[in-house]
Amino acid sequence: MASKAIKFLEEHQSETKENAGWLRWSRQLAVTLIGYMQDNGLKRADLAARLCVSPQYVSKLLSGTANLSFKSVANIEDKLGISCFAMT
């Protein structure tokens, strides 16, 4: 499923210089969440419950086009006990 999602994200990307950076981060978040869902046998509604958000919001996250604040990403990481981005 993750490779299917990555293919979808690549096919539907629309990068400009203005949004290329945050789209790259958003796609990485989507891939991380998809992997988390697969590893834990979760559906979108299950992930929504763990994050205390709506399934529609989860769909937005999984689209790879959500422009999120650092606070939102930190909240997701805290609630799921994961790291969405590798720190270099």
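Just so we're clear, the structure is a prediction, and the values are computed from it rather than from any experiment. (Residues numbered from 1 in each chain as written. Predicted model: local features only at pLDDT ≥ 70, side-chain atom pairs only at ≥ 80, totals over all residues. Heavy atoms only, no water.)

Enquirer: Can you lay out unusual backbone geometry for me, pointing to particular residues and giving the numbers?
Expert: Backbone geometry places cysteine 52, a non-glycine residue, at a positive phi of 60°. The residue cysteine 52 is located in the loop between α3 (44–51) and α4 (55–62) in this model. By relative accessible area, which is 62% here, cysteine 52 ends up exposed. (Helix = DSSP H or I, 4+ residues; strand = E, 2+ residues; numbered from the N terminus. Buried < 20%, exposed > 50% of the residue type's maximum accessible area, 1.4 Å probe, protein only.)

Enquirer: Break down α4 for me, citing the residues and quoting the values.
Expert: Residues of α4 that are buried: Val58, Leu61 and Leu62. Here the buried residues of α4 occupy an arc of 95° about the axis, which is enough to place them on one side. (Arc of directions from axis to C-beta.)

Enquirer: How would you sum up the nonpolar core? Please name residues and give values.
Expert: Judged by nonpolar contacts, the single largest core of 18 residues is most densely connected at Leu29, Leu33, Leu47, Leu61, Ile76 and Leu80. For this core, the secondary-structure elements that each account for two or more residues are α2 (20–40), α3, α4 and α5 (70–80). Looking at which element gives the most residues to this core, the answer is α2, with five residues. With residues up to four places along the chain from it excluded, the contact list for leucine 80 reads Leu33, Tyr36, Leu47, Arg50 and Leu51. (Core = buried A, V, L, I, M, F, W, Y, C linked by side-chain atoms within 4.5 Å. Contact = heavy atoms within 4.5 Å.)

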